[in-house]
Amino acid sequence: MNSPTIRQILFPTDYSDASRAAGQLAAELARHFNAKLHVVHVVPPVTDPGPAGAMASAVAELGPGVDFVTTVVLGRIAAQIVSYAGRHDIDMIVMGTRGRTSVSRAVLGSVAAAVVRRASCPVLTVPESTKSLSVPDDAPGA
(Lines give C-alpha, C1' and ligand atoms only; values in the text may rest on other atoms or scores of the structure.)
Protein backbone atom coordinates (compact mmCIF):
# COMPACT_ATOMS: atom_id res chain seq x y z
CA MET A 1 0.00 0.00 0.00
CA ASN A 2 1.36 3.43 -0.90
CA SER A 3 1.91 6.07 1.75
CA PRO A 4 -0.65 8.86 1.65
CA THR A 5 0.43 12.13 0.12
CA ILE A 6 -0.66 14.84 2.48
CA ARG A 7 0.33 18.36 1.48
CA GLN A 8 -2.64 20.40 2.76
CA ILE A 9 -4.37 19.86 6.13
CA LEU A 10 -7.48 21.75 7.19
CA PHE A 11 -8.09 22.42 10.88
CA PRO A 12 -11.47 24.07 11.45
CA THR A 13 -11.64 25.64 14.91
CA ASP A 14 -14.32 27.11 17.12
CA TYR A 15 -11.72 27.88 19.82
CA SER A 16 -13.28 25.31 22.17
CA ASP A 17 -11.54 22.70 24.29
CA ALA A 18 -12.75 20.13 21.76
CA SER A 19 -10.91 21.84 18.94
CA ARG A 20 -7.76 22.44 21.02
CA ALA A 21 -6.84 18.73 21.04
CA ALA A 22 -7.57 18.49 17.32
CA GLY A 23 -5.40 21.54 16.64
CA GLN A 24 -2.44 20.03 18.45
CA LEU A 25 -2.76 16.83 16.45
CA ALA A 26 -3.27 18.74 13.19
CA ALA A 27 -0.07 20.71 13.85
CA GLU A 28 1.86 17.54 14.59
CA LEU A 29 0.56 15.92 11.40
CA ALA A 30 1.49 19.04 9.41
CA ARG A 31 5.03 18.91 10.81
CA HIS A 32 5.26 15.17 10.17
CA PHE A 33 4.13 15.41 6.54
CA ASN A 34 5.72 18.84 5.97
CA ALA A 35 2.22 19.96 4.97
CA LYS A 36 0.61 23.39 4.99
CA LEU A 37 -1.93 23.75 7.79
CA HIS A 38 -5.08 25.76 7.04
CA VAL A 39 -6.63 27.08 10.27
CA VAL A 40 -10.22 28.14 9.54
CA HIS A 41 -12.93 29.59 11.76
CA VAL A 42 -16.46 29.69 10.36
CA VAL A 43 -18.75 32.36 11.77
CA PRO A 44 -22.37 31.25 11.52
CA PRO A 45 -24.79 33.90 10.28
CA VAL A 46 -26.23 36.17 13.00
CA THR A 47 -23.72 35.35 15.72
CA ASP A 48 -20.89 37.07 17.49
CA PRO A 49 -17.61 36.18 15.72
CA GLY A 50 -15.85 35.83 19.06
CA PRO A 51 -13.02 37.73 20.65
CA ALA A 52 -10.64 39.44 18.25
CA GLY A 53 -7.61 37.63 19.64
CA ALA A 54 -9.12 34.13 19.54
CA MET A 55 -7.58 33.22 16.16
CA ALA A 56 -4.15 34.45 17.28
CA SER A 57 -4.42 32.36 20.46
CA ALA A 58 -5.47 29.26 18.52
CA VAL A 59 -2.56 29.62 16.12
CA ALA A 60 -0.05 30.29 18.91
CA GLU A 61 -0.89 26.89 20.45
CA LEU A 62 0.13 25.06 17.24
CA GLY A 63 3.84 25.45 18.01
CA PRO A 64 6.88 26.10 15.84
CA GLY A 65 7.73 24.42 12.56
CA VAL A 66 4.28 24.62 10.98
CA ASP A 67 3.60 26.44 7.71
CA PHE A 68 0.04 27.72 8.15
CA VAL A 69 -2.56 30.09 6.79
CA THR A 70 -5.53 31.46 8.76
CA THR A 71 -8.98 32.30 7.43
CA VAL A 72 -12.32 33.40 8.87
CA VAL A 73 -15.40 32.77 6.73
CA LEU A 74 -19.11 33.46 7.19
CA GLY A 75 -21.81 30.87 6.60
CA ARG A 76 -23.19 27.50 7.56
CA ILE A 77 -20.34 25.79 9.36
CA ALA A 78 -20.22 22.29 7.84
CA ALA A 79 -20.94 23.57 4.34
CA GLN A 80 -18.17 26.19 4.59
CA ILE A 81 -15.63 23.66 5.89
CA VAL A 82 -16.36 21.26 3.03
CA SER A 83 -16.37 24.11 0.49
CA TYR A 84 -13.04 25.44 1.77
CA ALA A 85 -11.53 21.96 1.58
CA GLY A 86 -12.63 21.62 -2.04
CA ARG A 87 -11.38 25.06 -3.09
CA HIS A 88 -7.95 24.57 -1.51
CA ASP A 89 -7.25 20.94 -2.50
CA ILE A 90 -7.19 19.82 1.13
CA ASP A 91 -5.88 16.27 1.59
CA MET A 92 -7.13 15.79 5.17
CA ILE A 93 -9.43 17.53 7.64
CA VAL A 94 -8.62 17.27 11.36
CA MET A 95 -11.40 18.54 13.61
CA GLY A 96 -12.56 18.29 17.18
CA THR A 97 -15.84 16.83 18.28
CA ARG A 98 -17.62 17.35 21.57
CA GLY A 99 -19.15 13.87 21.58
CA ARG A 100 -22.68 15.06 22.29
CA THR A 101 -25.31 12.53 23.26
CA SER A 102 -27.63 11.26 20.57
CA VAL A 103 -30.47 13.46 21.87
CA SER A 104 -28.56 16.74 21.65
CA ARG A 105 -27.01 15.72 18.33
CA ALA A 106 -30.47 14.96 16.93
CA VAL A 107 -31.69 18.39 18.02
CA LEU A 108 -28.59 20.44 17.22
CA GLY A 109 -26.99 18.32 14.51
CA SER A 110 -23.31 17.51 14.44
CA VAL A 111 -20.90 19.63 12.43
CA ALA A 112 -18.30 16.85 12.48
CA ALA A 113 -20.82 14.25 11.27
CA ALA A 114 -21.96 16.53 8.45
CA VAL A 115 -18.36 17.17 7.37
CA VAL A 116 -17.57 13.43 7.43
CA ARG A 117 -20.60 12.75 5.21
CA ARG A 118 -19.87 15.52 2.69
CA ALA A 119 -16.08 15.85 2.47
CA SER A 120 -14.23 14.29 -0.46
CA CYS A 121 -11.05 13.81 1.61
CA PRO A 122 -10.39 11.87 4.83
CA VAL A 123 -11.71 13.48 8.02
CA LEU A 124 -10.04 12.73 11.34
CA THR A 125 -12.31 13.58 14.28
CA VAL A 126 -10.67 14.08 17.67
CA PRO A 127 -12.87 13.81 20.76
CA GLU A 128 -12.70 16.54 23.37
CA SER A 129 -11.60 14.00 25.98
CA THR A 130 -8.38 13.19 24.07
CA LYS A 131 -5.47 13.95 26.36
CA SER A 132 -2.50 13.62 24.04
CA LEU A 133 -1.87 12.06 20.67
CA SER A 134 1.30 11.97 18.68
CA VAL A 135 2.50 10.75 15.32
CA PRO A 136 5.11 7.97 15.69
CA ASP A 137 8.50 8.72 14.16
CA ASP A 138 8.23 5.64 11.94
CA ALA A 139 4.77 6.55 10.58
CA PRO A 140 4.43 6.67 6.78
CA GLY A 141 5.32 10.00 5.28
CA ALA A 142 8.29 10.77 7.55
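In this report, we go over the structure that sits alongside the text. (Residues numbered from 1 in each chain as written. Predicted model: local features only at pLDDT ≥ 70, side-chain atom pairs only at ≥ 80, totals over all residues. Heavy atoms only, no water.)

### Notes on helix H1 (residues 17–33)
Item 1. Taking 1.5 Å per residue as the helical rise, H1 with its 17 residues ought to reach 24 Å, and the 25 Å between its terminal C-alpha atoms agrees with that figure.
Item 2. Within H1, twelve of the 17 residues are buried, which leaves it mostly tucked inside the rest of the structure.
Item 3. Turning to H1, its buried residues number three or more, namely Ala18, Ser19, Ala21, Ala22, Gly23, Leu25, Ala26, Ala27, Leu29, Ala30, His32 and Phe33.
Item 4. Close packing links the buried residues of H1 with strand S1 (8–12), strand S2 (36–43), strand S4 (92–97) and strand S5 (123–127).
Item 5. Of the residues one or two after H1, Asn34 is the one with positive phi, at around 55 degrees. (Helix = DSSP H or I, 4+ residues; strand = E, 2+ residues; numbered from the N terminus. Expected span 1.5 Å × (residues − 1). Buried < 20%, exposed > 50% of the residue type's maximum accessible area, 1.4 Å probe, protein only. Contact = heavy atoms within 4.5 Å.)

### Quick word on the sheet that holds strand S3 (residues 67–74)
Remark on secondary structure: sheet strands pair via backbone hydrogen bonds, oriented parallel or antiparallel.
Item 1. With respect to topology, five strands assemble into an open sheet ordered S3-S2-S1-S4-S5, the strand pairing being parallel. Looking at strand neighbours, the two that pair on one side only are S3 and S5, the edges of this open sheet. The sheet shows a mean angle of 20 degrees between the axes of neighbouring strands, taken without regard to direction.
Item 2. With five bridges connecting them, S1 and S2 associate as parallel partners. Across the sheet, residue Phe11 finds its bridge partner in S2, namely Val39.
Item 3. Of the strands in this sheet, S4 and S5 are in contact with helix H5 (residues 111–118), which crosses S4 at around 160 degrees. (Pairing = 2+ DSSP bridges. Axes fitted to C-alpha atoms, helices over the stretch in contact; angles between N-to-C directions.)

### A look at the pairing of S2
Item 1. Judged by how many residues are buried, S2 sits mostly within the fold: seven of eight residues are covered.
Item 2. Following the backbone out of S1, through H1 and into the adjacent parallel S2, one traces a crossover that is right-handed. (Right-handed = clockwise from strand over helix to strand, strands pointing away.)

### Comments concerning the environment of Val59
Item 1. For Val59, the position within the fold is in helix H2 (residues 54–60).
Item 2. Sequence separation between Val59 and Gly23 is 36 residues, and the spatial gap between their C-alpha atoms is 8.6 Å.
Item 3. When sequence neighbours within four positions are dropped, the list of residues in contact with Val59 reads Val39, Phe68 and Thr70.

### Details of H5
Item 1. Those residues of H5 lying buried are Ala112, Ala114 and Val115. Angular distribution of buried residues about the axis of H5 spans 165 degrees; they occupy a single face of the element.
Item 2. Next to the buried residues of H5 lie helix H3 (77–87), S4 and S5. (Arc of directions from axis to C-beta.)

### Let's talk about the nonpolar core
Item 1. In terms of nonpolar packing, the biggest core is built from 21 residues, with Ile9, Leu29, Leu37, Val39 and Val94 touching the most fellow members.
Item 2. Of all the secondary-structure elements, those providing two or more residues to this core are S1, H1, S2, H2 and S4.
Item 3. Considering each element in turn, this core owes the most residues, eight residues, to H1.
Item 4. Counting 17 residues, the second largest nonpolar core, distinct from the first, contains Leu10, Tyr84, Ala85 and Ile93. (Core = buried A, V, L, I, M, F, W, Y, C linked by side-chain atoms within 4.5 Å.)

### Things to note about the side chain of Ser19
Item 1. Note on placement: Ser19 falls in helix H1.
Item 2. Residue classification places Ser19 among the buried residues on the basis of a relative accessible area of 4%.
Item 3. At 3.1 Å, the side chain of Ser19 and the side chain of Thr13 are in polar contact.
Item 4. Residues within four places of Ser19 in sequence aside, it is in contact with Phe11, Pro12, Thr13, Asp14 and Gly96. (Polar contact = N/O pair within 3.5 Å; in protein donor to acceptor, adjacent residues only side chain to side chain.)

Just distances and angles here, no functional claims.
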